[in-house]
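An overview of the molecular structure
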Amino acid sequence: MLHNHFLPVFSFFVFAACSSGTSQTAAFEEDAHSITETDAPVAADTIILSKEELLGQIDPAQHAGFTKVASKYTDKSDIYLRKDTYDAFERMAAAAKQAGLDLHIVSATRNFDVQKSIWEAKWNGQQKVGGQNISKTIPDPKQRALKILEYSSMPGSSRHHWGTDMDLNALDNAYFDKGTGKKLYDWLQANAAAYGFCQVYTKKGKDRPNGYHEERWHWSYMPLASQFLRQYDQKVTHADIKGFDGAETASLIKIIPNYVMGIAPDCKNWEP
Ligand SMILES: [Zn+2]
């Protein structure tokens, strides 16, 4: 089932890669120290997802574990997160507000069908990728999939399926280079971990050789997502990633070890 409200995510492509700021300035230490005991992330209960849930075969609007994002945090009319993710986000947003910053959710849960529509629009050329109709310019299936995978995940392999991940403020790395964007990103780098959030798609390099390009806007709620990633590793195989055009490339690309597991080491090693 495709929901109309998800259509704006079609604009989710073409972002400039930028250098990743790794240093945190002294100016933000004050904020970090202002975090109180009650703001600290609590260890999440264990939640066991079925293979179908891990693959995004859900309708978050009908799922008891999800809640709708309030309009003060998003322009979208109907987007959802897991309840624990949302509670932690609200605490983080309140702290950001005290620092004069507004956290805005651009995209939250996207199920398999939504991701399939994004993927197939690119695969079949209705949505251009890097200004090109890649169904014509990249006939080789593996190479075409790799092009889409620079910024869009394959249906069944997206962390957005889990209700733990969200895109904040702007789908553009360069936005976070200066002005308000830089203040937001510096604040998140200094403070998000205290609320359980981690930037999973950091700049690619020695620490993170495989997977999606840098996404400074994509934040993941690790108390749940670390559980779900482990469960995904145990339950899902490449044969389960199917039901969309180009699905045969999942095993050619080794989507699970290279992309699903290809997250920042700091996030991968997250401990409650
Ligand atoms: Zn994202």
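Residues numbered from 1 in each chain as written. Predicted model: local features only at pLDDT ≥ 70, side-chain atom pairs only at ≥ 80, totals over all residues.

**A short note on the overall build of the protein**
Selection criterion: Helix and strand definitions follow DSSP, with helices as H or I runs of at least four residues and strands as E runs of at least two, each counted in order from the N terminus. To sort residues by burial, count the other C-beta atoms lying within 10 Å of each one's C-beta; a count of 20 or more means buried, 12 or fewer means exposed, and anything in between means partly exposed. C-beta atoms are built from the backbone. By the criterion used throughout, residues are in contact when their C-beta atoms, derived from the backbone, lie within 7 Å.
Counting its secondary structure elements, the protein contains 11 helices and 6 strands. Within the protein, the proportion of its 272 residues that are buried is 41%. The long-range share in the protein, meaning contacts at least 24 apart out of those at least 6 apart in sequence, stands at 79%.

**Some thoughts on helix α4 (residues 112-123)**
Our working definition: In this analysis, the expected span of each helix is defined as 1.5 Å times one less than the number of residues it contains.
Taking 1.5 Å per residue as the helical rise, α4 with its 12 residues ought to reach 16 Å, and the 16 Å between its terminal C-alpha atoms agrees with that figure. All of the buried residues along α4 are Val-114, Gln-115, Lys-116, Ser-117, Ile-118, Trp-119, Lys-122 and Trp-123. On its buried face, α4 is in contact with α5 (134-137) and α6 (141-148). Count one or two residues on from α4 and you reach Gly-125, which has phi positive near 90°.

**Topic: the sheet that holds strand β6 (residues 218-221)**
Worth spelling out the cut-off: Strand pairing is assigned whenever DSSP detects at least two bridges linking the two strands. The angle between two axes is taken between their N-to-C directions and runs from 0 to 180 degrees, where each axis is a line fitted to C-alpha atoms and a helix contributes only its stretch in contact.
Pairing is antiparallel in the open sheet, where 4 strands are placed in the order β3-β4-β6-β5. What marks the edges here is a single partner per strand, and that holds for β3 (105-107) and β5 (197-199). Averaged over all neighbouring strand pairs, the angle between strand axes comes to 45°, with direction disregarded. Strand direction decides the pairing type here: β5 and β6, joined by 3 bridges, are antiparallel. Bridging from a neighbouring strand, Gln-199 pairs with Trp-219 of β6.

**Quick word on helix α7 (residues 179-191)**
Inclusion rule: Taking the helix axis as origin, the arc is that swept by the directions to the C-beta atoms.
The end-to-end C-alpha distance of α7, which contains 13 residues, comes to 18 Å, matching closely the 18 Å that a straight helix rising 1.5 Å per residue would cover. By the burial criterion, the buried members of α7 are Leu-184, Tyr-185, Trp-187, Leu-188 and Asn-191. Buried residues of α7 fall within an arc of 160° about the axis and therefore sit on the same side.

**Some words on unusual backbone geometry**
The backbone of Asn-169 shows a phi angle near 70°, a positive value even though the residue is not glycine. Of note, Asn-169 is situated in the loop between β4 (165-168) and α7. The residue Lys-254 is not glycine, and still its phi comes out positive at about 55°. Looking at the secondary structure, you find Lys-254 in the loop between α9 (249-253) and α10 (255-260). Judged by local crowding, Lys-254 falls into the partly exposed class, with 13 C-beta atoms found within 10 Å.

**Side note on the pairing of β6**
Walk down a regular strand and you will see the side chains alternate between the two sheet faces. Across the two faces of β6 the burial is the same, with His-218 and Ser-220 and Trp-219 and Tyr-221 all buried. Pairing geometry for β4 and β6, over 3 bridges, is antiparallel. In the sheet register, Asp-165 faces β6, and the bridge partner there is Ser-220.

**Observations concerning the confidence of the model for the protein**
Detailed conclusions should not be drawn from predicted coordinates in areas where pLDDT is low. We count it as follows: Each residue carries a pLDDT score, the predictor's confidence in it, ranging from 0 to 100.
Mean pLDDT over the protein stands at 88; residues scoring 70 or higher make up 84%. Across residues 1-37, where pLDDT falls below 50, the model places 61 contacts with residues more than four positions away in sequence or in other chains.

**Here's the deal with the environment of Cys-267**
Residue placement: Cys-267 occurs in helix α11 (residues 265-268). On a C-alpha basis, the gap between Cys-267 and Val-200 in space is 6.0 Å, while along the polypeptide they are 67 residues apart. In this structure Cys-267 touches Cys-198, Val-200, Ser-220 and Met-222, once residues within four positions along its chain are discounted.

**Quick look at the pairing of β4**
Side chains of β4 alternate between two faces, with Asp-165 and Asp-167 and Met-166 and Leu-168 buried alike. When β3 meets β4, the two strands line up antiparallel, connected through 2 bridges. For Ile-105, the partnering residue across the bridge sits in β4 and is Leu-168.

**Overview of the environment of Asn-124**
When you line up the elements, Asn-124 lands in the loop between α4 and α5. Expressed as a C-alpha distance, the spacing of Asn-124 and Ile-134, which sit 10 residues apart in the sequence, is 7.5 Å.

**Considerations on the environment of Gln-189**
One can find Gln-189 in helix α7. Accessibility expressed as a C-beta count within 10 Å gives 19 for Gln-189, which makes it partly exposed.

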